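The lines below spell out each chain.
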Amino acid sequence: MKTLRAFFARLTGLLPNSRNDVDRAAEIEANLQLHIDDNIRQGMTPERARREAMLKLGGLEPTKEAYRDQATFPLFENLIRDMRFAVRQLRKNAGFTITAVLMLALGMCASVAIFAFVDAALLKPLPYKDPKRLVGVYEKLEKVCPLCNLSYPDFLDWKRQNTVFSAFDVYNRQGFMLKTASGSQRAFATRVSDGFFRTLGVSPILGRNFRAGEDQLAAPRTVILSYSVWQRSYGGAADVLGKSVILNDDATVIIGVLPRDFHFAPSEPTDYWVTMHASSECDLRRSCHSLYGVARLKDGVSFQTALADVTEIAGRLEKQYPGSNKEQGANLSPLSEVISGTVRPILLVLLAGACLLLLIAAVNVASLLLVRTESRMRELAIRSGLGASAARITGQFVAEGLVLVGMGSVLGVASAYWTMQILTGLISSDMLLSMPYLNGLGLTPRVLAFAGLIALFAAVLFSFTPTVSLSLSEIRQRLSEGSRGSSGNTWRRLGSKLVVVELATAVVLLAGAGLLGQSLYRLLTVKLGLQPDHLVVINVAAPNTRYSKDPQAIELERKVIAEVSAIPGVNSLGIATKSPVSYQGNTTWFKIAGRPWYGEHNDTPFVCVTPDYFKTIGATLLRGRYFNESEDSTKPLVAIVNQTFVRQFFPNEEPLGKRLLPLSDPAVPTEIVGLVEDIKEGPLDSETRPTLYYPFTQNTDTYFFLFARTTGAESSVVPAMSAAIHKIDPEIVTMRGQTMSEQISQSAYIHRSLALLVGGFAGLALLLGVIGLYGVIAYSVSQRTREIGVRMALGAERTNVYRLILKDAGGLIAFGVVLGILCSIGAAHLMESILFGVTSRDVPTLASVAVILSCSALLASFIPARRAASLNPVEALRAE
Amino acid sequence: MADKTDVWQGTLALMVLKTLEALGPLHGYGIARRIEQTSGDLLSLNYGTLYPALLKLEQEGAIASEWGVSDNNRKAKFYKLTRAGKKQIEQETRNWEQTTAILARFFASRKELA
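Everything numeric in this text was worked out from a predicted model, so none of it was measured.

Draft legend 1. Fine view of the overall build of chain B. A tally of helices and strands in chain B yields four helices and five strands. Starting at the N terminus, the α and β elements of chain B follow one another as β-α-β-α-β-α-β-β-α. Expressed as a percentage of its 114 residues, the buried residues of chain B come to 39%. A separation of at least 24 residues holds for 49% of the contacts in chain B among residues at least 6 apart in sequence. When the accessible area of chain B is evaluated, it comes to approximately 7,200 Å², of which 53% is carbon and sulfur surface.

Draft legend 2. Up close: the pattern of salt bridges. Residue and element names in this part refer to chain A. All told, the structure shown has 38 salt bridges over all chains when counted by the stated rule. Between R286 and D157 there is a salt bridge, and its shortest N-O distance comes to 2.7 Å. Of this pair, R286 sits in the loop between α10 (281–284) and β10 (292–297) while D157 sits in helix α7 (residues 152–161); the two residues are 129 residues apart in sequence, bridging distant segments of the chain. One exposure class covers both R286 and D157, and it is buried. When salt bridges that share partners are traced, they join D154, D157, R160 and R286 into one network.

Draft legend 3. Spotlight on the sheet that holds strand β5 (residues 75–81) of chain B. Residues and elements named next belong to chain B. Pairing is antiparallel in the open sheet, where three strands are placed in the order β2-β5-β4. Strand pairing shows two members of the sheet lacking a second neighbour, β2 (26–27) and β4 (63–69), which therefore form its edges. As paired strands, β4 and β5 are joined by seven bridges and run antiparallel to one another. What sits directly across from I63, in β5, is L81. Sheet contacts for helix α3 (residues 50–60): β4 and β5; angle to β4, the most-contacted strand, approximately 120°.

Draft legend 4. The arrangement of the pairing of strand β11 (residues 328–334) of chain A in detail. Residue and element names in this part refer to chain A. With six of its seven residues buried, β11 lies for the most part within the structure. Pairing between strand β1 (residues 134–141) and β11: seven bridges, direction antiparallel. Note that in β11 the partner of K140 across the bridge is G329.

Draft legend 5. Region of the structure containing the environment of A793 of chain A. All names here are of chain A. Within the secondary structure, A793 is located in helix α28 (residues 785–793). Taking the C-alpha atoms as reference, A793 lies 85 Å from Q174; in sequence the two are 619 residues apart. Apart from residues lying up to four places away in sequence, A793 is in contact with P873 and L877.

Draft legend 6. Structural view of the state of the cysteines. All names here are of chain A. Applying the stated rule across the entire model yields one disulfide over all chains. Disulfide pairing places C282 opposite C288 at an S-S distance of 1.9 Å. Measuring handedness by torsion sign, the sulfur bridge of C282 and C288 sits at about -85° and is left-handed. Using a relative accessible area of 18% as the deciding quantity, one classes C282 as buried.

Draft legend 7. How the structure looks around helix α25 (residues 717–728) of chain A. Residue and element names in this part refer to chain A. An ideal rise of 1.5 Å per residue puts 16 Å on twelve residues; α25 measures up with 17 Å between its terminal C-alpha atoms. Of all the positions in α25, only V717, V718, M721, S722, A724 and I725 are classed as buried. For α25, the buried positions fall inside an angular range of 165° around the axis, keeping them on one side.

Draft legend 8. Region of interest: the packing of α7 of chain A against helix α11 (residues 303–320) of chain A. Residues and elements named next belong to chain A. Between α7 and α11, the least distance of the axes is 10 Å, while the angle of their chain directions is 125°. Classified by the angle their axes make, α7 and α11 are oblique. In this structure, α7 crosses over α11, and the sense of that crossing is right-handed. Each of D154, D157, W158 and Q161 in α7 lies in contact with α11, whose residues at this interface are V310, I313, A314, R316 and L317. Of the residues in the contact of α7 with α11, the class split is five nonpolar, one polar and three charged.

Draft legend 9. The interface of chain B and chain A, seen in detail. At the interface, 25 residues of chain B touch 26 residues of chain A. Of the roughly 2,400 Å² buried at the junction of chain B and chain A (both faces included), carbon and sulfur atoms supply 54%. Of all residues in chain B, the largest losses of buried area upon contact with chain A belong to Y29, Y51 and Q59 of chain B, amounting jointly to 32% of the total for that side. Put simply, chain B and chain A have four salt bridges between them. Of the charged contacts in the structure, one is a salt bridge between K77 of chain B and E27 of chain A, with a shortest N-O distance of 3.9 Å. Along the contact surface separating chain B from chain A lie eleven residue pairs in polar contact (both at pLDDT 80 or more). Residue contributions to the side of chain B that touches chain A peak at six residues, all from α3 of chain B.

Draft legend 10. How the structure looks around the nonpolar core. Residues and elements named next belong to chain A. Core analysis: the largest hydrophobic core is formed by 156 residues, its most contacted members being Y128 and L200. No other element matches the 17 residues that helix α14 (residues 343–375) contributes to this core. Excluding anything up to four places from it in sequence, Y128 contacts L134, L200, V202, F262, H263, F264, L335 and I339. Listed in part, the 37 residues of the second largest apolar core include I538, F645, I672 and A724.

Draft legend 11. Representation of unusual backbone geometry. Residue and element names in this part refer to chain A. Between E268 and the following residue, P269, the backbone shows a cis peptide bond with an omega angle of -5°. Even without glycine at this site, N248 takes up a positive phi of about 50°. Look at N248 and you get partly exposed, because its relative accessible area is 28%. A positive phi angle is found at V581, which is not glycine, with a value near 50°. Relative to the helices and strands, V581 resides in the loop between β13 (570–576) and β14 (586–588).

How each quantity is defined
Residues numbered from 1 in each chain as written. Chains lettered and ligands numbered in written order. Predicted model: local features only at pLDDT ≥ 70, side-chain atom pairs only at ≥ 80, totals over all residues. Heavy atoms only, no water. Helix = DSSP H or I, 4+ residues; strand = E, 2+ residues; numbered from the N terminus. Buried < 20%, exposed > 50% of the residue type's maximum accessible area, 1.4 Å probe, protein only. Contact = heavy atoms within 4.5 Å. Areas by Shrake-Rupley, 256 points an atom, 1.4 Å probe, with all protein chains shown as cover. Salt bridge = Lys/Arg side-chain N within 4 Å of Asp/Glu carboxyl O. Pairing = 2+ DSSP bridges. Axes fitted to C-alpha atoms, helices over the stretch in contact; angles between N-to-C directions. Disulfide = S-S within 2.5 Å. Expected span 1.5 Å × (residues − 1). Arc of directions from axis to C-beta. Parallel < 35°, antiparallel > 145°, perpendicular 65-115°, else oblique. Left-handed = near helix turned anticlockwise from the far one by under 90°. Nonpolar A, V, L, I, M, F, W, Y, C, P; charged D, E, K, R; others polar. Buried area = accessible area lost by both parts, 1.4 Å probe. Polar contact = N/O pair within 3.5 Å; in protein donor to acceptor, adjacent residues only side chain to side chain. Core = buried A, V, L, I, M, F, W, Y, C linked by side-chain atoms within 4.5 Å.

What follows is the structure in structure tokens.
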């Protein structure tokens, strides 16, 4: 208690207060005077009286100091004094301070900002109960798709037969039509089985969860709203429960609202969570795969056990239903992997890049500090000569290090915050919606802790870097040597090693950026099989009630083509049920007429197109013919195939005239009438798959894409197209009007942003590394001015001086580059999964990185070498 | 004079408190002189060591200080006991007596052994 009281008394003593100092001095003086008075009374002379009193006191200054030390905490006081001194010193050296703080802030900004993304996407726990026990459940087709969808009948069997899941549910994201006062509107919806939210361990914040059996056909239709649509469309009103929405022409009752922080990335964005109500042809067919599974492992059941169990079930079903389940295996994946698996390698590469940049920045600051210490040798020698202890001198460096790191960290974290905003601003809104976990982005405690860790590391590095280079005895020795002679030795020993580290790190970043740049280039120059310029695409969804019958849909198609082709600037029009360079696509199975079939999966994507589609998108017909306008279901069924299809199913055979028997209706054959050059149907980095094209008039759909080849500006055509379609029927929804070039550029989005960010890091790293090298060489030249002068006086040529300096630099560069290349090969190996079309040991990339770095580094060292060579020997000798 | 003992660690505070208890408010020089006199001039006290001790007691709340005027009309800082200080004396006295009693037993037992 009294110790605590004394502690606070001393703590307040830390506050600057000169009155206390005066007060204490006055007290000592007063008592001394009393003592002197006494001594005089005893008959001493005034001088002797004073001397005796002083002796008894034990000296005036030591007493004052001891008194003062008791009043405060001496260690703290020293630190505060050192800090003030450090700030003064740093202000005097504004150039050094600004450079060091900016470099540190840059490194921190990059690494903290990227870490914030890592935190939001990978570290923040998922908003479900015990998320580690959740798994994604898939069927598996060897080689074709390791994580395929489940069919509804398969799901029901797995759910019944498994012994490893405490809960197992499915979800299926679909576009729904939402009827509103102002017409129809596209709504984001996901169909789920009744226990979906209970499996995740999520309860609505308002209303109730789906009840068991509520997903059956007989049950009334119900919907749970996302928090965001509740806010947007209902203003967050509590009386929303019991209200009805019309989704796909079905009156659906709102029964609940999900929590604000709920998200389920694999099915986002979703505003309306509705129940399965399995009724469509696809839902009921065992070979139609449209669902994804999510399950909770029973307590004590391991991932492996669960996988073995579902694999066994899949094996049983394969025997039971050989017609539909041949080769269908099973697969599981941890839910965290399902949610952020695709972004993980990307974020980790970025984080590694940012941390390397931080490393270079820190090393650069450390070497700057070394140079500064070298040039302060005299000051330090004098201070130590005047009695400053090693601890006090180290304390001074620590204080300077802390001040630098403090300023750098504040600046770094603040700019990291802005960088995060800028980076999220660069992500397209569609992508942002599918990455809902990024809502948690910000300076969270974990991010701040990461920044704190960096600051701590930097503080230790910057506080002790200057002190490793000198011991006190060395300083004393320096004093006698003056500034001549060997000063700069430590710098050359340690500083040059640091520069090698910097150069090697810069090589690694440059190589990474080079490989990613190559990937991007290969991706953007991938053979598309179509001409993307002047091509506009718009997504059309017509209400099923009015257009689901073939003649209705065909009439709609004719009207759409007629209305839209009247728009000025539209040259030709085509319709397809799927857009090239995109994900979604349906697949079909078929047998080949005249060949034995053993139930193998001829699982092939198909697209239904109008006669002018290929001409409109600029595809190339290799053989055969396009479809005719008159080819409807009354005529023989026909198909066009791509080159990959021929390679896979008819190698070295004439495909034209061959007949396919689709599994859905094997009695009616489809004849192949045309062969087109491969069109990139999937994302740019995907393999081209065999593809079937059917006439739209024989396979109609109410959901399709309208393509227009235009002359002139594409952007102005999109609204005109929408308007023309709405003129036919205001209930028809049009979406995502964009140019094909935009769509392609979005498909390369991840690769582009990676290449740009890592490229940015690499550029900065190159700059910092070269500046570091320049610093080393320039300092070495300035230290060797006398030596160079002597050499020149003794007859050394300019070229000899150049050689002298550049040989030093060349050695460092060569060492750094070789080390860097070796590290790059290892590092690039780690990011192989995100490279496209290049390998991690791409020799041209590594070679050009080595050349770029060597040239810029040599250029940087050429500047000081030139200064050395143009020295006037007489002046050089006179220097210092 | 040669036999003078240094003040034992930790005992100075108690001496200061006892002095103030006996004489009432007193300045630093007075306290120092009084300690030396009480010890029969056997203790050698460096007056400088008194100031941190006084400040520590003041920080702990055992004594309070105030500027005043001495007998011979000089300004000086006077220290006096607080209530907490009086309690502290009682406690420290008990501790001291206990310590010396224990030590006394050791001396006694040595005598017996001899």
